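Chain residues, written in single-letter form:
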Amino acid sequence: MELYELTVHELIEKLQKGETTSEQITKNYFDRIKEKDGQVKAYVSTLEEQAMTKAKQVDEDRKAGKKLSQFAGIPIGIKDNMCINGTRTTCSSKMLENFVAPYNATVIEKLNAENMIYLGKLNMDEFAMGSSTENSAFFPTHNPWDLSRVPGGSSGGSSAAVSADMAPWALGSDTGGSIRQPASLCGVVGLKPTYGLVSRFGLIAYASSLDQIGPLTKDVTDSSLLLNLIAGHDPKDTTSMDMPKKDYTTSLVNDVKGMKIGVPKEYLGEGTSAEVKEAMFKVIKKYQELGATVEECSLDIGQYASAVYYILACAEASSNLGRFDGIRYGHRTENFENLKDIYKNSRSEGFGPEVKRRIILGTYVLSSGYYDAYYKKAQQVRTLIKKAYAELFQKYDLLLTPVSPTTAFKMSEKMSDPLQMYMADICTVPVNIGGLPGMSVPCDVDSEGLPIGFQLIAKPFAEETIFRAAYTYEQNTNFRAEHKPTFRGGEA
């Protein structure tokens, strides 16, 4: 077995036993990137020279007997909307094509403290707006399971890299499903933590009341390890919660006896493919066999979540992206005669069609005469959605739903129909609206061999419950052993 096929906890074990070195692991990953990324296109930029230098240094420190973190010398991929000091951070947009971050995001500071190694910056939908990573200004990312299909979005580069063994794990961000949906479509584990658990400082904002950074990993154990590293209070982020630090690995218990799981019937209705439904019923059966109580329940107000999401997210995007004006940040047009031309032409040239669409939508719902009808009403419905979830969590430990109503769709299949594309997030956006934690766990493949994930949702800051249930499922099934990306539609 190649080093790149191992999980992070397996790599740590090999490092501790002296069976490999950080330099060997890092080189193994860059060899894999060179072999496969021409087809997958997960990376916007790679950082090979500095990664190899750091790997050598870590190995020397380890040899010299220096006290190091267990994660020292472990590589990781970073979604290209998180700032790494001195590194290009583009958000996959022409607007920031040449932006070099002058500081580190808090999550990067936390990884630096562990002496971890950055493989590179991963492709995404421009400014995290999209569900297929086709909205990148540079190139679309392809799904390693079938190169003619999308990897999901907006963290498509992160999930494709982990799925294709081009990164042992990666950081993504999730505003309406952008970690969980691509995790499901690429057959990896994706966690959106509770809003406020992980600092957003240094994450280039899309919708500030919804954005959350989280891990994409090969298995549930790695997800708990990475959350341990990035979670925690940050005074630089006013929405960051100040609460006692937890060790999520203690939740990796192979036991769900006595656990109550609700399955909202609305998520298994019209629009969800027959094969996704069948996979969900198998997961339900497995949990029942393992001793959990699983019942049908209702979350009928969830049907309004997508409308609420696209009003609130676009309104916040309109506000957040105002700073990219050709004067203070980002691309500046060369075609201007006056100040108005600079603003107009810089933004017209710098932003792609989907970003423009959402800025226009957001500006409209915030405008005089429409604020009450749209933005205020959406905030009121958001409160009702949170309340509906709170009522369900008085009865259930977890909710179980599909992550995506279908498996990975063909490239360019939905690009001409934004509404159809927005429906790809229908199972995931309610979780962001509620500020809840949610995880995508791979469970099956469809008749074409494309991965299917199921979603576990818990009440705020109950990540331990999710880890326990996900770990139990994983220990009693064999998805990773039985299914691997085939890179079909391209050279094997």
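Residues numbered from 1 in each chain as written. Predicted model: local features only at pLDDT ≥ 70, side-chain atom pairs only at ≥ 80, totals over all residues. Heavy atoms only, no water.

Trainee: Would you mind showing me how to read the overall build of the protein chain here?
Mentor: Counting its secondary structure elements, the protein chain contains 16 helices and 11 strands. At 21 Å, the protein chain has a C-alpha radius of gyration in line with the 23 Å of a compact globule built from 492 residues. With the principal axes as the frame, the protein chain shows a C-alpha extent of 65 × 55 × 50 Å. Looking at the protein chain residue by residue over its 492 residues, the buried ones come to 61%. Contacts in the protein chain between residues at least 24 apart in sequence constitute 75% of all its contacts with a sequence separation of at least 6. By element, 50% of the accessible surface of the protein chain is carried by carbon and sulfur atoms, the whole surface being about 19,000 Å². (Helix = DSSP H or I, 4+ residues; strand = E, 2+ residues; numbered from the N terminus. Rg over C-alpha atoms; globule rule 2.2 N^0.38 Å. Buried < 20%, exposed > 50% of the residue type's maximum accessible area, 1.4 Å probe, protein only. Contact = heavy atoms within 4.5 Å. Areas by Shrake-Rupley, 256 points an atom, 1.4 Å probe, with all protein chains shown as cover.)

Trainee: What is the right way to read helix 11 (residues 353-366) from this model?
Mentor: Note on helix geometry: an α-helix contains 3.6 residues per turn, so any two residues three or four positions apart are oriented the same way. Taking 1.5 Å of rise per residue, the 14 residues of helix 11 would be expected to cover 20 Å, and the 20 Å separating its terminal C-alpha atoms lies within 8% of that figure. Residues Glu354, Val355, Arg358, Ile359, Gly362 and Val365 constitute the buried set of helix 11. One side of helix 11 holds all its buried residues, which, seen down the axis, span an arc of 135°. Exposed residues pointing more than 90 degrees away from the buried face of helix 11 are listed as Pro353 and Ile360. Residues of helix 11 that are buried make contact with helix 9 (305-320), helix 10 (339-350), helix 12 (371-395) and helix 13 (418-422). (Expected span 1.5 Å × (residues − 1). Arc of directions from axis to C-beta.)

Trainee: Help me out: how do you make sense of the sheet that holds strand 7 (residues 260-264) in this one?
Mentor: Two orientations exist for strands paired in a sheet by backbone hydrogen bonds: parallel and antiparallel. On the basis of which strands lie adjacent, the open sheet formed by 11 strands has the order 1-3-2-4-6-5-10-11-9-7-8 and mixed pairing. Since the sheet does not close on itself, it has two edges, and those belong to strand 1 (43-46) and strand 8 (293-297), each with one partner. Recorded for the sheet is a direction-independent mean angle of 30° between the axes of neighbouring strands. Sheet analysis places strand 5 (residues 189-192) next to strand 10 (residues 438-445), joined by 3 bridges and oriented antiparallel. When the bridges of strand 10 are listed, Lys192 appears paired with Gly438. Of the strands in this sheet, strand 2 (75-79), strand 4 (169-174), strand 5, strand 6 (212-217) and strand 10 are in contact with helix 7 (residues 220-230), which crosses strand 6 at around 145°. Across the sheet, helix 12 lies against strand 7, strand 8, strand 9 (398-402) and strand 11 (451-457), angled at about 115° from strand 9, the strand it touches most. (Pairing = 2+ DSSP bridges. Axes fitted to C-alpha atoms, helices over the stretch in contact; angles between N-to-C directions.)

Trainee: What's the story with the environment of Asp425 in this structure? I'm lost.
Mentor: With respect to the secondary-structure elements, Asp425 resides in the loop between helix 13 and helix 14 (429-433). Given a relative accessible area of 5%, Asp425 falls into the buried group. Taking C-alpha positions, Asp425 is 9.5 Å from Arg180, a pair spaced 245 residues apart along the chain. The contacts of Asp425, once residues within four sequence positions are left out, are Ser131, Gly176, Gln181 and Tyr310. Here Ser131 takes part through its side chain, which lies 3.0 Å from a polar atom of the side chain of Asp425. (Polar contact = N/O pair within 3.5 Å; in protein donor to acceptor, adjacent residues only side chain to side chain.)

Trainee: I keep staring at helix 2 (residues 22-40) and nothing clicks. Help me out?
Mentor: In a regular helix each residue adds 1.5 Å, so 19 residues correspond to 27 Å; helix 2 covers 25 Å between its end C-alpha atoms and thus fits that length. The principal kink in helix 2, of about 40°, is found at Lys34. What helix 2 keeps buried is the set Ser22, Ile25, Thr26, Asn28, Tyr29, Phe30, Arg32, Ile33, Lys36, Asp37, Gln39 and Val40. On its buried face, helix 2 is in contact with helix 1 (8-17), strand 1, helix 3 (48-63), strand 2, strand 3 (117-122) and helix 5 (156-163). At the exit of helix 2 stands Lys41, carrying a positive phi of roughly 60°. (Bend = angle between axes of the 7 residues up to and from the residue.)

Trainee: Looking at this model, I keep getting lost on the side chain of Arg200. Mind explaining?
Mentor: With respect to the helices and strands, Arg200 occurs in the loop between strand 5 and strand 6. Arg200 sits in the buried class, given a relative accessible area of 14%. In this structure Arg200 touches Tyr195, Ser208, Asp211, Gln212, Asp237 and Thr239, once residues within four positions along its chain are discounted.

Trainee: Help me understand the packing of helix 4 (residues 106-113) against helix 7 in this model?
Mentor: In a pair of packed helices, the angle between the axes and the distance between the axes together describe the arrangement. Two elements in contact, helix 4 and helix 7, have axes separated by 8 Å at closest approach and are oriented at 105°. What the angle tells us is that helix 4 and helix 7 run roughly perpendicular. Across the interface between the two elements, Val107, Lys110 and Leu111 of helix 4 pack against Leu226, Leu229 and Ile230 of helix 7. (Parallel < 35°, antiparallel > 145°, perpendicular 65-115°, else oblique.)

Trainee: Is there a simple way to explain a nonpolar patch on the surface in this structure?
Mentor: A surface patch of nonpolar side chains, about 260 Å² in accessible area, is lined by Ile327, Leu339 and Tyr343. Along the chain, the position of Tyr343 falls in helix 10. (Patch = residues over 30% accessible without salt bridge, like charges linked within 9 Å, V, L, I, M, F, W, Y side chains within 5 Å. Salt bridge = Lys/Arg side-chain N within 4 Å of Asp/Glu carboxyl O.)

Trainee: Hey, could you run me through the side chain of Thr87 in this one?
Mentor: Along the chain, the position of Thr87 falls in the loop between strand 2 and helix 4. In contact with Thr87, not counting residues within four places along its chain, are Leu47, Gln50, Phe99, Val100, Ala101 and Lys121.

Trainee: It is not clear to me how the packing of aromatic side chains should be interpreted in this structure. Could you clarify?
Mentor: To describe a pair of aromatic rings, one takes the distance between the centres and the angle between the planes. Under the criterion given, the structure shown has 17 aromatic pairs. Residues Trp145 and Phe479 carry aromatic rings whose centres are separated by 6.1 Å and whose planes lie at 40° to one another, so their mutual orientation is tilted. Of this pair, Trp145 sits in the loop between strand 3 and helix 5 while Phe479 is found in helix 16 (residues 479-482), placing the two residues 334 residues apart along the sequence. Of the two residues examined, Trp145 and Phe479, each falls in the buried class. Residues Tyr287 and Tyr473 carry aromatic rings whose centres are separated by 5.8 Å and whose planes lie at 40° to one another, so their mutual orientation is tilted. You can see Tyr287 sitting in helix 8 (residues 274-289) and its partner Tyr473 sitting in helix 15 (residues 463-475), a full 186 residues away along the chain. (Phe/Tyr/Trp six-rings, centres within 6.5 Å; stacked < 30°, edge-to-face > 60°.)

Trainee: Sorry if this is basic, but what is going on with the state of the cysteines here?
Mentor: In total, this model carries 0 disulfides according to the counting rule given. Here Cys83 stays free of any disulfide, with the sulfur of Cys91 as its closest cysteine sulfur at 8.0 Å. (Disulfide = S-S within 2.5 Å.)

Trainee: What is the right way to read the packing of helix 8 against helix 15 from this model?
Mentor: At their nearest, the axes of helix 8 and helix 15 sit 11 Å apart, and the two run at 95° to each other. One way to sum up the angle between helix 8 and helix 15 is to call them roughly perpendicular. Between helix 8 and helix 15, the residues in contact are Val283, Lys286 and Tyr287 and Ala469, Ala470 and Tyr473, respectively.

Trainee: Explanation requested: unusual backbone geometry in the structure shown.
Mentor: When glycine is set aside, most residues are seen to have a negative phi, and most peptide bonds are trans. A cis amide bond links Gly153 with the next residue in sequence, Ser154, at an omega value of 5°. Its location among the elements puts Ser154 in the loop between strand 3 and helix 5. Positive phi, close to 65°, is recorded for Asn115, a residue that is not glycine. Note that Asn115 resides in the loop between helix 4 and strand 3.

Don't take any of this as a statement about function, it's just geometry.
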